[in-house]
Amino acid sequence: MKELPGTTGLLINEPLLWEKGRAGRCGFSFPRRDVEPASLDEALIGQVPDLPGLSEVDVVRHYTRLSQWNFCVDTGMYPLGSCTMKYNPKINEKMARLTGFATAHPLLPGRCSQGAMRLMFELERLLAEITGMNAVTLQPAAGAQGELTGMLIIHAFHEKNGQGRSKIIIPDTAHGTNPASAALCGFRAVPVKSNEQGILTPETIASVMNEDTAGIMVTNPNTLGLFEENIKQIAEIVHLRGGLVYCDGANLNAVMGIVDMGAMGVDLLHLNLHKTFSTPHGGGGPGSGPLCVNKQLEPFLPVPRPVQENGSFRLSEDFPDTIGRMHAFYGNFGVMIKAYSYIRSLGPDNLKKASQLAVLNANYVKESLKGVFHLPFDRPCMHECVFTDQFQRAFKVSTLDMVKRLMDYGFHPPTVYFPLVVNGAIMIEPTETESKEDLDLFIEACKAIVSEAEEKAPLLHEAPHKCIRGRLDETKAARQPCLTG
Amino acid sequence: MRFLPHTDEDIASMLDLVGLSGLEDLFAMIPEDCRRPSDLSLPQPLTEWELQDLMMESSGLMAVRPEYKVFIGAGSYEHFIPASVTHLAGRSEFVTPYTPYQPEMSQGTLQAIYEYQTLVARLLGLEVANASLYDGASALAEAILMAVRITGRKKVALSSLVHPLYREVVQTYLKPVGHSVLELPYLENGLTDLSKLEGAENLAAVALQSPNFFGCIENLQTAGELAHQGGALFITCFTEPMAYGLLKNPGCQGADIACGEGQSFGIPESYGGPGLGIFTTKMKYVRNMPGRLVGRTSDAEGRQGFVLTLATREQHIRREKATSNICTNSSLCALTAAIYLASAGGAGLRELAELNHDKAEYLKRELKKAGCVISFESPTFNEFVVKYPDNFEAAHDGLLRKKIVPGLSLAPYFPELKGHYLLCVTETKSKTDMDALVGEVAS
């Protein structure tokens, strides 16, 4: 066997901040005091905040040590399905830190902020071209807020047409946030099942679509990593009864330069810049979730919107049908800079190539692990593939046991127990930035774990063995919540 | 392309294994009528050098320090950020992982967020904080939705001195579900008029911002008592959390939920985002709280560790019955704020807050001497409203040419306040900067 990446190394213990703090220490260089103290009504003044005192060295060691307890994309393969954990280029970080961008105030007069408006205007055009949609808002701060923006637009569209529609069709292969986003707009989710091949059929949709249904929220490619081949007919059915088609574009990484979302019949589509367009996930944000729409929905987009006039840019609120504002300012501009840099660095051919290689990598993993793990839908996949623990259940080994053991081999686990339609799901999305050698090591690690499952199940039940902590008691955390110290 | 590791040989051998002859064959299942009719029409790729030149040019068009002196706050604040904060928060172990679903491999982020929750809960005087929301505006919208869930009532009272852009976001969130907003007007002294709250019943929440949009410090205690008398939850919101280095915190004045924007804590303005939605409440409401939570637990050997917890509130489990649809939040910004607060400490934060207050008072006094009118008499923290001399509109352009941005005109937000400007002074403004502004206004 080749040498797998997982190993043990010396990790340094580190207490909680307040256990380390000492009154009288401080890690801050204060600006010079060049004015006299001014008085303030004593009744308004509170106690000094109860925050620990630490020197700069204390703070640096504390967070450096904590950082070393994390696994990240820069450490190794992070094949979380539906999360698109691709490499985050360093040049993008540098661009976002340029003084003119990083320190710009959002309410500067227009003539003082042409650079930022130009970047937003151009990024909207780039995303419209990549998706085949007509207009884009960059305001949503994450994918789920993009979904909410889309639901608000669907609501406003029907209201404008004098129709109060109350339901939204949501397939079992949609992302988990979809029903929650729809509910926030007062819509009731109508669940529908995918067929035995893992995709939707026009007949299923026709049987539930009616004049009280505002539209459908479909994820394409779906969370089984499969392309919804009937999407065009489904869109026609929904449109015929006056509904709109919302596509969750979290999985766009599979189809850049290949599909045309507008031609598919999609009316609204959100993107995750922190997935497809390489901006880092930050351990759970900040992300950015632009929403793309077709021509008829453009008037409903949130304001303000960057517009170009006579060679200069301004932010316009002059859109009477707008749903309003989704963000205090314009969205996560710092994230937009990184996505813009990524698109400009790759250009048209490399973006398409990225999708092709993402799909190649997923199919390579699927073919290589077929038979090792149970493959519930044995057909060509897009950017991710879904296995289950069905073969290993005989040895009383679960998906969770196997992926915890994967950590010991130096890989981040795939997404597990999702989508819910697959029992014991293991959802692997390698992304295009993993090389063949790394995929081969991952495949080898999976095979080793499957052998262990048969021969040494307790080793898996007790995994992981090489992380800073062993398996953590999530039940205890929920039963006796301790959320602050 | 340097981000794509595949050699031609790799591609050939991988295609061979999957039984295909070309990359295009991977997409055979996509129907013709779903495909693009032509190649992407995008600009050709740039090298790193070319990209840097392009971005330097764009960013060079922005009016920023040190060349410009910008006296605008209004929800985005220029504060000094220690080099150590930027350095630590930029470590790729923090920047490039996902949400910590696999706790054994994510203890760094999890402990850091647990510490963040603790620090902001202590700062605001409440019992529990979540792992962050997107920004101050969405945090307020989520707080109002939470109060609606808890009380079962559908009407909320919102101060007109909550940031006007936050109020717009709240309206956008509330509109489709038909919740109504009772707007509380403001008084001549720059504080919220609470008279509509007397005897008001059936309110889910009363929401005030302090310091408010005019920079004035609200009487939270009184507002909270009025809210509670009518059975409403009391929500306090903020755009400038630095104020709570000096002022009485919301928790000790009766807040049930304290939420707002945390950008001031080590996060650059970045043209308005990303920010940090801080959200704190009482433990008894935790199961109605939106957003992620980190909790303490132990591992198989009994050692202390941290996990995401109380996920039964969340969308991936409860789907349409979830407390919110939020999943990705502002984790890295929360981490940054924690590093910033750890660097300053309680005493340091007090010192910074005092500097903000004292400098703002200095400018207020000097502007008054120069013939400007301070529009509202109530005490302020680091922002205040000033009525410049009548001919100021013309002088404004002259100031911009001299690279001074003299505050934010309030006319677009409060038409009755034409000629009034909202000014902000933080610790980053020197006496020299302020004297230059006063000199220009006086001349």
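A brief report on the enclosed structure follows. (Residues numbered from 1 in each chain as written. Chains lettered and ligands numbered in written order. Predicted model: local features only at pLDDT ≥ 70, side-chain atom pairs only at ≥ 80, totals over all residues. Heavy atoms only, no water.)

Quick notes on the overall build of chain B
Working step 1: What chain B contains, in helices and strands, is twelve helices and 15 strands.
Working step 2: When its C-alpha atoms are laid out on the principal axes, chain B stretches across 80 × 55 × 50 Å.
Working step 3: Taken over 443 residues, chain B has a buried fraction of 67%.
Working step 4: In chain B, the share of contacts with a sequence separation of at least 24, taken over all contacts with a separation of at least 6, comes to 70%.
Working step 5: Roughly 14400 Å² of accessible area belongs to chain B as shown, and the carbon and sulfur atoms make up 50% of that amount. (Helix = DSSP H or I, 4+ residues; strand = E, 2+ residues; numbered from the N terminus. Buried < 20%, exposed > 50% of the residue type's maximum accessible area, 1.4 Å probe, protein only. Contact = heavy atoms within 4.5 Å. Areas by Shrake-Rupley, 256 points an atom, 1.4 Å probe, with all protein chains shown as cover.)

So, the interface of chain A and chain B
Working step 1: With 201 residues of chain A at the interface, the matching set in chain B holds 185 residues.
Working step 2: A buried area of about 16900 Å², summed over both sides, lies between chain A and chain B, and 66% of it is on carbon and sulfur atoms.
Working step 3: On the surface where chain A and chain B come into contact, there are nine salt bridges.
Working step 4: Linking R111(A) and D397(B) is a salt bridge whose minimum nitrogen-to-oxygen distance equals 3.4 Å.
Working step 5: Across the chain A-chain B interface, the total number found is 78 residue pairs in polar contact (both at pLDDT 80 or more).
Working step 6: Broken down by element, the residue count for the side of chain A that touches chain B peaks at 28 residues, all from helix α11 (residues 333–369) of chain A.
Working step 7: When grouped by side-chain class, the residues that make up the side of chain A that touches chain B number 114 nonpolar, 53 polar and 34 charged. (Buried area = accessible area lost by both parts, 1.4 Å probe. Salt bridge = Lys/Arg side-chain N within 4 Å of Asp/Glu carboxyl O. Polar contact = N/O pair within 3.5 Å; in protein donor to acceptor, adjacent residues only side chain to side chain. Nonpolar A, V, L, I, M, F, W, Y, C, P; charged D, E, K, R; others polar.)

Topic: helix α12 (residues 431–442) of chain B
All names here are of chain B.
Working step 1: Look at α12: 16 Å from first C-alpha to last across twelve residues, which is about the 16 Å you get at 1.5 Å a residue.
Working step 2: Residues of α12 that are buried include every one of D433, M434, L437, V438 and V441, and no others. End-on, the buried residues of α12 take up no more than an arc of 130 degrees, which puts them together on one face. Of the exposed residues in α12, the ones pointing more than 90 degrees away from its buried face are T432 and A442.
Working step 3: On its buried face, α12 sits against β1 (69–70), α10 (331–369), α11 (392–401), β13 (404–405) and β15 (420–424). (Expected span 1.5 Å × (residues − 1). Arc of directions from axis to C-beta.)

A word on the sheet that holds strand β11 (residues 415–416) of chain A
Residues and elements named next belong to chain A.
Working step 1: Ordered by their spatial adjacency, three strands build an open sheet running β10-β12-β11, and the pairing between neighbours is antiparallel. Among the strands making up the open sheet, the edge pair consists of β10 (385–387) and β11.
Working step 2: Of the strand pairs in this sheet, β10 and strand β12 (residues 426–428) are connected by three bridges, and their pairing is antiparallel. Paired with V386 across the strands is M427, a residue of β12. (Pairing = 2+ DSSP bridges.)

Some remarks on the pattern of salt bridges
Working step 1: Evaluation of the coordinates by the stated rule reveals 46 salt bridges over all chains.
Working step 2: Connected through salt bridges with shared partners, the residues K366(A), E367(A), K370(A) and D378(A) form a single ionic network.

Re the nonpolar core
Working step 1: With 209 residues, the main nonpolar core has F277(A) and L140(B) as its most contacted residues.
Working step 2: For this core, the element with the most residues is α11(A), which contributes 18 residues.
Working step 3: If we skip the residues at most four places from it in the chain, F277(A) touches L127(A), I130(A), L252(A), M256(A), L271(A), N272(A), K338(A), A339(A), Y342(A) and I343(A).
Working step 4: With 78 residues, the next largest nonpolar core counts C482(A), A112(B), V120(B) and A232(B) among its residues. (Core = buried A, V, L, I, M, F, W, Y, C linked by side-chain atoms within 4.5 Å.)

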